[in-house]
Amino acid sequence: MASDLTRPHPESFLDLARAEEAALRGGRLKIFLGAAPGVGKTFAMLEEARVRARAGVDVVVALLETHGRAETAALLASLESLPRRSVHYRGQTLEEMDLDALLARKPRLAIIDEFAHTNAPGSRHTKRWQDVMEVLDAGIDVVTTLNIQHVESLNDAVAQITGIRVQETVPDSVLDRADQIELIDLPPEELIQRLKDGKVYLPREAGRALENFFTKGKLTALREMALRTAAGRVDAEMLDLKRAQADQSIWPTAERLLVCVNEAPVGKALVRAGKRMADRAKIPWIVATVLTPRHEAMDADTRDITQDALRLAETLGAETVTLRAESDAAREILRFARERNVTRLVIGRPRWRNSLVERLAGLIREPVSERLLDEATDFEITVVTPHARLERRRAKLDRPLLPEDWRGPLAAIVASTVATLIAWPIAQVDAIPAGAITVLYLLGVMLVAYRYGLSASLLASITGFLGYNFFYTEPYLTLSVAKSSDIVSLSVFLLGALFTGTLASRLKAQVETMRRAQARTETLYDFARKIASATKADDVLWAAVAHVARVLQADVLILAPDAEGVLRQVQGWPAIDEALEARERAAAQWAFDKAEAAGFGTGTLPQSAWQFVPLATAGRPFGTMGVRFHDASRAKDPETKRLLLAVEDQVAVAVERNRLAEEVANARVTAESDKLRAALLNAVSHDLRTPLVTVIGATSSLAEGMDLPEDARRSLATSAHEEARRLDRIVQNLLDMTRLGHGALKPSRAAIDLREIIGRVRADLGRALARHGLEIEISPGLPPLDADPVLIGQALGNVLENAAKYAPAGSAIRLVARQAGREVEILVSDQGPGIPEADRDKVFDLFYRAAQGDGAPAGTGMGLAIVKGLVEAHGGRAYAEAGPGGQGTTLRLVLPLAEAPESPDP
């Protein structure tokens, strides 16, 4: 028997034979798997190709897409690449992998990119993975790449996550053909940054990808799917290895759940519980049953119970397995669990055997659950007891053997009887006086009084008196008393017993009172703590109904008036949403209008099934709480009334606190809005007034027809024109600020020359730059920008105007433009006072101006905020840095380059 467990599984030999046959028949397939484009699959594939080539392996790149990435192209340059095959389709020339040339070249290793690609019409195969299968059959090893969204079985899940239905998919059976799958992983944040840096797509395509596919949430979900797919592949390989080695130990590398069912009626409940556990832990789960010869003798209805549970498991997505054993079902379950590397078992609770018939049947039936609990020491076992079955068992256990009224008297009689029996051997010792025996009876009286109260203690005193008199005073075994000393002893004992019983019962009552007070205080404290953390009125009301329902064992709802003044339910526990009858609504309305309790257990509308208490703040009711007790007697309990009043007060205080907090928050927002409005009006009025004064003065002089020289007239006209342009820029900034705030700014992007924009801006700012020299340095051969010329011109104008405003007169302003990868950096440096390091990130905030003293130039504080918004609308970035040599300020704008035009076909 033990040798069977250590012998390799026969299936492992078949799998080994199939693998060796496949290795002799064809090449080996390796797939670099990734969660999304840009994680580095192609780069890793080329790195492996270069390593294999340096090791002397004949490597050929059959097809690879660089997507314009310089790093990828550099790796590809050192490898042999096959020419592509041209396919003409509907007036277009498409390039595909030349399959015949690859088969004729027959290298040891072929590099084929984009495993899921759809070939051009007219190709030998519809899909590229079919080309790869033919290459493998020819004995050529293949290394390829694949994104997780192209796996056929995950197509629906990917569409649900991304909202995009991927048309190019690879069957799962083809992935099973792969000899090795290597996961290339990259955190979503780094992938998004690579996309922004232009390392995945060209800038124009990158912007669309960031808006649609490359969001952090979607990338995280796809990453999890890729990790799970790779982990599932590794897990399958581990199971094959364990089976081949006949290793029966548990390797806790991954969680796996096994639900064990049999003919017991709890099978479906076990399946549902296993489904919930597997979903919460996100682990695979199996439902298994063991058939023994005993099952064949069962009737059809009993066998159908097991089959129904298995069908339910298949519907819920579980793997179902039917095992067979001669007799030892527990041993077969453990063998299968260890073979599949299961870590958690779910079983039903061992059967309760209350009757004699059930106990005899248990001697014949195998105790599978008990065996698993004893022997499955290397598993985590969850024992499930269905609710209905547990309630039936609990009802049997809770059923009292005696009525409540009989327990106290019986305890008194039993206490006196036990004291008499214990005293019997003591009375035979002459050295112990007979009066000492009364202590045993007094102890019994105290215990009865503490447990059952005053009435039971009085009965215990009387029965103890009679027992002591009958057995331990002369003449014995009669109720007569011969000695006067015994009369005194009996009288003292009776009085002492009565006094002791009374004190003990009072102590019990006081303890119970203190316990109830402590429980009430704890519940009120717990409720106060919950509502203190609630920030909304709905949260407060929800905590109130949940607390009252739990403490009072009742259904609870809260009604509040709607816009028309009609009471509507706003909260309920347990989720009550029922139509109240007319008398309930009348009681609720009375409690709301009169601020008095009404309904069940009160003097107003007592025929109602609900008791309603008002909820009011500062004398104004805002709702009413309804309570329907499960135990009607609790409605008149003073403790219940005190608890309801306490909860009512705390709810009112919490609601009032939240209302005041909302008013304070609204007042703060209003104050900030007023402050912002005042700042905007002050700044804008100053900046608008200055150019307007100049324009009005110049135009007035010209309109009055004053006899002015031609040069003076031309100077006035020029001044009016420049100040009007300045006024136009201020108005345009206000409009752009509004559009940026509402997300309505959409750049009209095109390939533009930066030199043209700089020239136009320089001309527009002639007056502002008159006191400064503008030094311009543009890298030779700088490619065009992908930008809106009007918006970028406005952003650059704001930057130069800001530099001219703060730089001292006569100082130079330097503008440098240079290429940085697929982007352009524009640096504008001045020799002004500079910006403190702590304020450099804040200068791009709306209306923020760094502290410069009383002599600082006036401004709106909008210019740089608009610059940042315009640049980011193009997919760029804006930074504030220290100027050259630590003097002044440098504003750096980073903008994308335009996509290079495709060269015409020769």
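Predicted model only: the values in this text are computed from it and were never measured.

Cut-off values and rules
- Residues numbered from 1 in each chain as written.
- Predicted model: local features only at pLDDT ≥ 70, side-chain atom pairs only at ≥ 80, totals over all residues.
- Heavy atoms only, no water.
- Helix = DSSP H or I, 4+ residues; strand = E, 2+ residues; numbered from the N terminus.
- Buried < 20%, exposed > 50% of the residue type's maximum accessible area, 1.4 Å probe, protein only.
- Contact = heavy atoms within 4.5 Å.
- Areas by Shrake-Rupley, 256 points an atom, 1.4 Å probe, with all protein chains shown as cover.
- Pairing = 2+ DSSP bridges.
- Axes fitted to C-alpha atoms, helices over the stretch in contact; angles between N-to-C directions.
- Core = buried A, V, L, I, M, F, W, Y, C linked by side-chain atoms within 4.5 Å.
- Phe/Tyr/Trp six-rings, centres within 6.5 Å; stacked < 30°, edge-to-face > 60°.
- Lys NZ or Arg CZ within 6 Å of the ring centre and 35° of its normal.
- Salt bridge = Lys/Arg side-chain N within 4 Å of Asp/Glu carboxyl O.
- Patch = residues over 30% accessible without salt bridge, like charges linked within 9 Å, V, L, I, M, F, W, Y side chains within 5 Å.
- Lys, Arg positive; Asp, Glu negative; His and termini not counted.
- Charge placed at Lys NZ, Arg CZ, Asp CG, Glu CD.
- Expected span 1.5 Å × (residues − 1).
- pLDDT = per-residue confidence, 0-100.
- Polar contact = N/O pair within 3.5 Å; in protein donor to acceptor, adjacent residues only side chain to side chain.
- Right-handed = clockwise from strand over helix to strand, strands pointing away.

(A) Local environment of the overall build of the protein chain. A tally of helices and strands in the protein chain yields 29 helices and 24 strands. Counting over 906 residues, the protein chain shows a buried share of 40%. Long-range pairs, those at least 24 residues apart, make up 68% of the contacts in the protein chain between residues at least 6 apart in sequence. As displayed, the protein chain has an accessible area near 48500 Å², and 56% of this comes from carbon and sulfur atoms.

(B) Here's a closer look at helix α29 (residues 863–873). Those residues of α29 that fall on the buried side of the exposure criterion are Leu864, Ala865, Ile866, Val867, Gly869, Leu870 and Val871. One or two steps after α29, the chain reaches Gly875, where phi turns positive at roughly 80°.

(C) Fine view of the sheet that holds strand β17 (residues 620–629). If you trace the five strands from one edge of the open sheet to the other, you get β14-β13-β17-β16-β15, paired in antiparallel fashion. This sheet does not close on itself; its edge strands, each paired only once, are β14 (567–573) and β15 (598–599). Together, β13 (554–561), β14 and β17 form the strand contacts of helix α23 (residues 537–552), whose direction differs from that of β14 by roughly 55°. Sheet contacts for helix α24 (residues 582–594): β13, β14, β15, β16 (611–617) and β17; angle to β16, the most-contacted strand, approximately 30°.

(D) Representation of the nonpolar core in the model. Leu754, Leu785, Leu796, Leu800, Ile813, Ile826 and Val828 are the most contacted members of the largest nonpolar core, which has 39 residues in total. Of all the elements in the fold, those that place two or more residues in this core are α27 (754–764), β20 (785–787), α28 (789–806), β21 (812–820), β22 (823–829), α29, β23 (877–882) and β24 (889–896). When residues of this core are assigned to their parent elements, the largest contribution, eight residues, is made by α28. In this structure, Leu754 is in contact with Leu782, Leu785, Ala817, Val824 and Ile826, ignoring residues within four places of it in sequence. The next biggest cluster of nonpolar side chains, apart from the first, holds 35 residues, and it includes Ala62, Leu82, Ala110 and Phe115.

(E) Spatial organisation of the packing of aromatic side chains. A full pass over the atoms with the stated rule returns two aromatic pairs. Residues Phe470 and Phe471 carry aromatic rings whose centres are separated by 5.0 Å and whose planes lie at 80° to one another, so their mutual orientation is edge-to-face. Overall, Phe470 belongs to the partly exposed group, its relative accessible area being 29%. Across the ring face of Trp590, the terminal group of Lys594 is positioned such that the distance to the ring centre comes to 5.5 Å.

(F) The pattern of salt bridges, seen in detail. For the coordinates displayed, the defined rule picks out 35 salt bridges. In this structure, Asp58 engages Arg105 in a salt bridge whose closest nitrogen and oxygen atoms are separated by 2.8 Å. With Asp58 in the loop between α3 (41–54) and β2 (59–63) and Arg105 in helix α5 (residues 99–105), this residue pair connects regions lying 47 residues apart in the sequence. For Asp58, a relative accessible area of 32% translates into the label partly exposed. Arg583 is paired through a salt bridge with Glu584; the nearest N and O atoms lie 3.9 Å apart. By sharing partners, the salt bridges in this structure join Lys30, Glu48, Arg52 and Glu182 into a single network.

(G) Broad picture of a positive patch on the surface. Together, Lys268, Arg272, Arg276 and Arg280 line one region of the surface with positive charge. Looking at where Lys268 falls in the secondary structure, it is placed in helix α12 (residues 267–281). On the basis of relative accessibility, which here comes to 36%, the residue Lys268 falls in the partly exposed class.

(H) Fine view of the sheet that holds β22. With mixed pairing, five strands are arranged side by side in an open sheet as β19-β21-β22-β24-β23. Two strands in the sheet have a free side with no partner beyond their single neighbour: β19 (773–778) and β23. Sheet twist, expressed as the mean angle between neighbouring strand axes with direction ignored, is 15°. As paired elements, β21 and β22 share seven bridges and run antiparallel to each other. Counted as the bridge partner of Arg814 is Ser829 from β22. Contacts between α29 and the sheet are confined to β23 and β24, with β24 contributing the most and set at about 20° to the helix.

(I) Highlighting α24. Its 13 residues give α24 an end-to-end C-alpha distance of 18 Å, which sits within 8% of 18 Å, the value for a rise of 1.5 Å per residue. The inward-facing, buried residues of α24 contact β13, β14, β15, β16 and β17. Trailing α24 by a residue or two, Ala595 shows a phi angle of about 55°, which is positive.

(J) View of the confidence of the model for the protein chain. Per-residue confidence for the protein chain gives a mean pLDDT of 78; residues scoring 70 or more make up 81%. The secondary structure element of the protein chain with the lowest average pLDDT is helix α1 (residues 2–6), at 44, and the one with the highest is strand β5 (residues 109–112), at 93. When the criterion is pLDDT under 50, residues 902–906 qualifies, and its contacts beyond four places in sequence or with other chains add up to zero contacts.

(K) A look at the environment of Lys282. Structurally, Lys282 is set in the loop between α12 and β9 (285–291). Of the residues examined, Lys282 reaches a relative accessible area of 51% and is grouped as exposed. Considering only alpha carbons, one finds Lys282 and Arg256, 26 residues apart in sequence, at a separation of 9.5 Å.

(L) Up close: the side chain of Asp113. Here Asp113 is to be found in the loop between β5 and α6 (128–137). Buried charge Asp113 goes without a salt bridge, the closest partner of opposite sign being Arg128 at 6.5 Å. Among the polar contacts listed, one links the side chain of Asp113 to the side chain of Thr145, at a separation of 2.5 Å. Apart from the residues lying within four places of it in its own chain, the contact partners of Asp113 are Thr42, Met45, Leu63, Leu64, Glu65, Arg128, Thr144 and Thr145.

(M) How the structure looks around the pairing of β21. Here β19 runs beside β21; their pairing, made up of six bridges, is parallel. Bridge pairing in β21 places Gly773 opposite Ala812. In this structure, the hairpin formed by β21 and β22 is closed by a connection of two residues, where Gly821 is found at a positive phi of approximately 70°.

(N) Focus on unusual backbone geometry. A positive phi angle, near 55°, is found at Glu114, a position not held by glycine. Mapped onto the elements of the fold, Glu114 is located in the loop between β5 and α6. For Asn341, which is not glycine, the phi dihedral falls at a positive 60°. With respect to the helices and strands, the residue Asn341 is situated in the loop between α15 (329–339) and β11 (344–348). According to the relative accessible area criterion, Asn341 is buried, its value standing at 0%.

(O) Inspection of the pairing of β5 at higher detail. Side chains of β5 alternate between two faces, with Leu109 and Ile111 and Ala110 and Ile112 buried alike. Both β2 and β5 contribute to a ladder of four bridges, which runs parallel. Among the inter-strand pairings, Leu63 is bridged to a residue of β5, identified as Ile112. For β5 and strand β6 (residues 141–147), the ladder comprises three bridges, and the chain directions are parallel. In the strand pairing of β6, Leu109 is matched with Asp141. Viewed along the sheet, the connection from β5 through α6 into β6 turns out right-handed.

(P) Structural view of the environment of Arg50. As for its position among the elements, Arg50 is in helix α3. By relative accessible area, Arg50 is classed as partly exposed at 22%. Sequence-distant contacts of Arg50, defined by excluding residues within four places in its chain, comprise Leu75, Ser78 and Leu79.

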